[in-house]
Amino acid sequence: ASKSNVSIGSLYDYIKNKEDILYLLANEFFDHLRREVMKILDGGYDVVRQLEGTIEAMLRVVDRFQEYTLFTYRDSRYLKREDLRSLMEQEAFFNETFTKIIGEGIQEGIFEIQEPEIVANMLTVLTHSWALKRYNLRKFSLYAFREVLLELVLKGLIKHKRGDLLTNESHR
């Protein structure tokens, strides 16, 4: 209350219980994330840079909001049904954003993947893993995590010439 120059009494006009605080934190997280991602999408970049930039933006925000990310996976079941639905809709925006970028990359002949929507959901989880697995990743920097994630994603999506890949089905 003191940091926002609002009296504790005034806070009760907006916050009725612990779940309201959690919901407000979630909205703050998604607002930051949406602003960062929109900067990339509105920047006129090619699809590879859009994908890289969206992943980077999500990692920056997840890093800043690690506790919230943990809460989402651990405690979101305590939210009211309508609040949880709202958060799921907000997360769907980011999955849809990844799906759209990947779809455009496929249309342009840059990416090659069978199920963009599955990859989009995986990317969301992979970016969140920076916070979810932080106890295992504490010896790495965010930069190192980002570089490995981008390498993994781009090598898996960017279309290669047939001769560049192993064609033996047992290696797929």
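Check the entry above for the structure.
The rules we used
Residues numbered from 1 in each chain as written. Predicted model: local features only at pLDDT ≥ 70, side-chain atom pairs only at ≥ 80, totals over all residues. Heavy atoms only, no water. Phe/Tyr/Trp six-rings, centres within 6.5 Å; stacked < 30°, edge-to-face > 60°. Helix = DSSP H or I, 4+ residues; strand = E, 2+ residues; numbered from the N terminus. Lys NZ or Arg CZ within 6 Å of the ring centre and 35° of its normal. Buried < 20%, exposed > 50% of the residue type's maximum accessible area, 1.4 Å probe, protein only. Contact = heavy atoms within 4.5 Å. Expected span 1.5 Å × (residues − 1). Polar contact = N/O pair within 3.5 Å; in protein donor to acceptor, adjacent residues only side chain to side chain. Axes fitted to C-alpha atoms, helices over the stretch in contact; angles between N-to-C directions. Parallel < 35°, antiparallel > 145°, perpendicular 65-115°, else oblique. Left-handed = near helix turned anticlockwise from the far one by under 90°. Nonpolar A, V, L, I, M, F, W, Y, C, P; charged D, E, K, R; others polar.

Caption draft 1: Representation of the packing of aromatic side chains. Tallied over the entire structure, the rule returns seven aromatic pairs. Ring geometry for Phe 30 against Phe 94: centres 5.9 Å apart, planes inclined by 15°, an arrangement best described as stacked. Residue Phe 30 is found in helix α2 (residues 18-41), and its partner Phe 94 is found in helix α5 (residues 81-107); the two are separated by 64 residues along the sequence. Consider the rings of Phe 93 and Phe 94, whose centres lie 4.8 Å apart with planes at 85°: the pair is edge-to-face. Joined through ring pairs, the aromatic side chains of Phe 29, Phe 30, Phe 65, Tyr 68, Phe 93 and Phe 94 make up one cluster. The side chain of Arg 34 reaches across the aromatic face of Phe 93, ending 4.0 Å from its centre. The ring of Tyr 45 carries Arg 49 above its face, with NZ or CZ at 5.7 Å from the centroid.

Caption draft 2: Highlighting the side chain of Gln 90. Here Gln 90 is to be found in helix α5. Assessed through its relative accessible area of 12%, Gln 90 is described here as buried. Discounting chain neighbours no more than four positions away, the residues touching Gln 90 are Asn 27, Phe 30 and Arg 34.

Caption draft 3: Seen up close, helix α3 (residues 47-64). Between the first and last C-alpha of α3 there are 26 Å, a value that for 18 residues agrees with the 26 Å anticipated at 1.5 Å per step. Burial within α3 is extensive, with 14 of its 18 residues counted as buried. One side-chain oxygen at the N-terminal end of α3 lies 2.9 Å from the backbone nitrogen of Val 48; it belongs to Asp 46.

Caption draft 4: Representation of the packing of helix α4 (residues 66-75) against helix α6 (residues 116-132) in the model. Closest axis-to-axis distance for the α4/α6 pair is 8 Å, and the angle between their directions is 110°. Considered as vectors, α4 and α6 are oriented roughly perpendicular to each other. The chirality of how α4 crosses α6 is left-handed. Judged by residue contacts, Gln 66, Thr 69, Leu 70 and Tyr 73 of α4 engage Val 125, His 128, Trp 130, Ala 131 and Leu 132 from α6.

Caption draft 5: Molecular detail of the environment of Arg 64. Secondary-structure assignment places Arg 64 in helix α3. For Arg 64, a relative accessible area of 60% translates into the label exposed. It is 9.8 Å that separates the C-alpha atoms of Arg 64 and His 32, two residues lying 32 residues apart in sequence.

Caption draft 6: Quick peek at the packing of α3 against α6. At a closest axis distance of 8 Å, the pairing of α3 and α6 adopts a crossing angle of 35°. Between α3 and α6 the crossing geometry is right-handed. Packed against α3, whose contacting residues are Leu 51, Ile 55, Met 58, Leu 59, Val 62 and Asp 63, the element α6 presents Leu 123, Thr 124, Thr 127, His 128, Trp 130 and Ala 131 at the interface. Here the residues of the contact of α3 with α6 are counted per class, giving eight nonpolar, three polar and one charged.

That's the geometry; what it means functionally is another story.
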